[in-house]
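Observations on the three-dimensional arrangement
Listed below, chain by chain, are the residues.
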Amino acid sequence: MPIFKTIKKVAKKPKSFEENSLFQIVPPEQLLSSLHREKMLNDIRAIVDAPKDHFSILYHHLISRFAEFVQILPTSNEDKLGSLLDYGLMRGLFVVQEFKKDQDKKIDPRIMYVLFSATLLFDVGFAAGNRSVMISDKKGAYIKQWWPHKGAMTVEDGYYKIRRGGGYPPWLSRHVAVLLARQIMPEPGFSWIAKDSYALNAWIALLNNEQIGIEELRLYFDRASEMLEEFNLEHDITLSENVEITVPPETELGEEFLKWLQENIQNEKITVNKKDSYVHIVSEGIFIDTELFKLFVSENPKTLNWKTVLNQFNLLGLNTTENNAAKITKYVYANPTGKTATTMFSLKSALAAVHSKESSFKSEAHAKVTGAQAKTETIAAITKKEAQQTTAAKQETVTAKAAATVVTGEAAKTFFAKEAAKEVATKAQEATLQTQTAPLTVTDEQRIGLSGVREGIVIPYIPIVFLGAAYLPPVDTNMIYAGQASQFRDTTSNYPDIRELFSELRDSIHPSDVITFIPDRS
């Protein structure tokens, strides 16, 4: 009976994944317990015809490790769930079937194992191809991102979500296949291959999709791939591995907001980087104004509390901070240089211009203070001299008239001295007032020309594709961070290498300007 003869043709469209779905991580024996996979295992066992213990160590152990690694991930974002595992098993089955049919009784078991293992693991690099896999708790709250090079997801991890965007681009998915395949391979199996130079070269070449030097073996691989393609055109396999797939209510609104945001950015109902936009690309990532959450609530009858939506959105891991609390960040519209910068070095030039202006302002203020102080000293000296002269002159008059008055010379001297002192005090007070009106400090408002504070959250560049952006727009020249720079250490804590990546991303997208940090002076 031809392989899979018992599987009926169906017209049902393959089911791709939904980003709001939460998938349970299950052990490999549960994944391999479905009827169609059990049949494939039995067929592979019959064709290989190896001793039971050899088959268990070399083949079954490899298949189990592969199933544990890929879970029910699809081969591509448009393919059906579980296709990565199913296609690998089918291609492996087809290749050993074709190889044995041609070899008759001269089968080399090591070469058969090379063909099967390389064919089974051929697409393993696409486990994270154009997507990000987020380990989550049972409520759908983000815990960490799964990185394939660190090993398989474990049952202890609990659950995961799949999001389109991020991960490996297609060309890199193909290149990393050999690295991940080596990681999955059972040690006895890989050692057996590695002891033969031809076998090892063929294994690496097949995984790298090469042909030179392995033309004969490549024919079997190509034939198996063609059979898999024909099979997929005629059949569809319904999932039956009893994997729990849910949409947890604790993050349902956050997921709906993300989907709503993606769709509205794509159809341009929500603009980016314009004066009235609620979404801005800034140097730290993507700024999302809180007004967007309020707008979503006005269109969504499920809730009247926009903060609930914000908190659920925060649980998705795009903006996770300490204790899973959403952190509101302030930006202001301003232009620190008075004109739009046009080069990648605009951050430095803008800061230099601002600091130069500030230094000039302070120098001018210092000059005013110095001048006022000098003027005060001069006025005081002149006034003192005038007072002395006036006192002496009037003292002579008093002395001349002393006989005709009851005022003594000492009384007159005291009287005129007090009058002179009052005049000196008045002049000094005027000079002091001039000194006090001279600006000695430059405030942040004076520095950037504050013109409207915006409040929102910032998510880093890594998940920018989650917003449906097919490109990275230029950094907004008019959005200036008005908070404390250290806050961003929390928002990027999920991505340890984010700060290094920022500079690389800026170099690659050639933004028209870079946001200026305004330090917190509180």
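Residues numbered from 1 in each chain as written. Predicted model: local features only at pLDDT ≥ 70, side-chain atom pairs only at ≥ 80, totals over all residues. Heavy atoms only, no water.

1. Concerning a negative patch on the surface
Defined as follows: Patches here are clusters of residues that have more than 30% relative accessible area and form no salt bridge, with a 9 Å joining cutoff for like charges and a 5 Å cutoff for nonpolar side chains (Val, Leu, Ile, Met, Phe, Trp, Tyr). Throughout, the Shrake-Rupley method with a 1.4 Å probe supplies accessible areas, and for residues the shown protein chains are the sole cover considered. When a carboxyl oxygen of Asp or Glu is within 4 Å of a side-chain nitrogen of Lys or Arg, the pair counts as a salt bridge. For the charge count, each Lys or Arg is scored as positive and each Asp or Glu as negative, with His and the chain ends excluded. By convention, charge coordinates are those of NZ in Lys, CZ in Arg, CG in Asp, or CD in Glu. Only DSSP runs of H or I with at least four residues qualify as helices, and only runs of E with at least two residues qualify as strands; both kinds are numbered from the N terminus onward.
Together, Glu226, Glu229, Glu230 and Glu234 make up a region of like negative charge exposed at the surface. Counting through the fold element by element, Glu226 comes out in helix H10 (residues 215-234).

2. Looking at the side chain of Asp79
The test is simple: Exposed residues in this analysis have more than 50% of their type's maximum accessible area, buried residues have under 20%, and partly exposed residues fall in between, with area computed by a 1.4 Å probe over protein chains only. N or O atoms within 3.5 Å of each other form a polar contact, as long as, within protein, one can give a hydrogen and the other can take it, and as long as residues adjacent in sequence are counted only when both atoms are side-chain atoms.
Along the chain, the position of Asp79 falls in the loop between helix H3 (52-70) and helix H4 (83-103). Lys80 provides the closest opposite charge to the buried, unpaired Asp79, separated from it by 6.5 Å. Of the polar contacts made by the side chain of Asp79, one reaches the side chain of Tyr87; its length is 3.1 Å.

3. Things to note about the packing of aromatic side chains
Put simply, the test is: Note on ring pairs: Phe, Tyr and Trp rings are taken, using the six-membered ring of Trp, and paired if centres are within 6.5 Å. Classes follow the plane angle, with under 30 degrees stacked, over 60 edge-to-face and the rest tilted.
Under the counting rule described, the total for this entry stands at 15 aromatic pairs. Between Phe122 and Phe221, the aromatic rings sit 4.7 Å apart at their centres with planes inclined by 65°, giving edge-to-face as the arrangement. Of this pair, Phe122 sits in the loop between helix H5 (109-120) and strand S2 (131-136) while Phe221 sits in helix H10, and the two are 99 residues apart along the sequence. Of the two residues, Phe122 and Phe221, both sit in the buried class. Ring plane angle 80° and centroid distance 5.3 Å describe the contact between Phe257 and Phe313, whose orientation is recorded as edge-to-face. Taken together, the residues span a long stretch of sequence, with Phe257 in helix H11 (residues 252-266) and Phe313 in helix H13 (residues 306-314) at a distance of 56 residues. Phe313 matches Phe257 in its accessibility class, with the two residues each being buried. Cluster of aromatic residues (ring-pair linked, three or more members): Phe55, Tyr59, Tyr113, Phe116 and Trp192.

4. Considering the pairing of S2
How we decide: The pairing criterion is simple: DSSP has to find at least two bridges between the two strands.
Within S2, 6 of the 6 residues are buried, which leaves the element mostly enclosed by the surrounding structure. Side chains of S2 alternate between two faces, with Arg131, Val133 and Ile135 and Ser132, Met134 and Ser136 buried alike. When S2 meets strand S4 (residues 159-164), the two strands line up antiparallel, connected through 6 bridges. Along S4, the bridge assignment pairs Met134 with Lys161. Alignment of S2 against strand S3 (residues 142-145), held across 3 bridges, turns out to be antiparallel. Looking at S3, one finds that Met134 is bridged to Gln145. Counting the residues in the hairpin turn of S2 and S3 gives 5 residues, including Gly140, whose phi is positive at 90°.

5. Remarks on the pattern of salt bridges
For the structure shown, the criterion picks out 16 salt bridges. One salt bridge in this structure joins Arg163 and Glu255, with 2.7 Å as the shortest N-O distance. Residue Arg163 is found in strand S4, and its partner Glu255 is found in helix H11; the two are separated by 92 residues along the sequence. On the accessibility criterion, Arg163 (1% relative accessible area) is buried. Overlapping salt bridges, with partners in common, bring together Glu19, Lys161, Arg163, Arg164 and Glu255 in one network.

6. Thoughts on the nonpolar core
Defined as follows: Buried residues of nine kinds, namely Ala, Val, Leu, Ile, Met, Phe, Trp, Tyr and Cys, make up a nonpolar core once their side-chain atoms join them within 4.5 Å. We call two residues in contact when some of their heavy atoms are within 4.5 Å.
Counting 76 residues, the largest nonpolar core has Tyr59, Leu73, Leu121, Tyr160 and Trp203 as the members making the most contacts within it. Per-element accounting of this core gives the leading share, 10 residues, to H4. Once residues within four sequence positions are removed from consideration, Leu73 is found in contact with Gly82, Ser83, Leu84, Ala127, Arg131, Val133, Trp146, Met153, Tyr160 and Ile162.

7. Some points on H5
Here is the rule we go by: Expected helix span is taken as 1.5 Å per residue step, with the number of steps being one fewer than the number of residues.
Compared with the 16 Å implied by 1.5 Å per residue over 12 residues, the 16 Å span of H5 between its first and last C-alpha is a close match. Of all 12 residues in H5, 10 are buried, a share of seventy percent or more. The inward-facing, buried residues of H5 contact helix H2 (35-48), H3, H4, helix H8 (187-194), helix H9 (197-207) and H10. Its side-chain oxygen at 3.0 Å from the backbone nitrogen of Arg110, Asp108 defines the N-terminal cap of H5.

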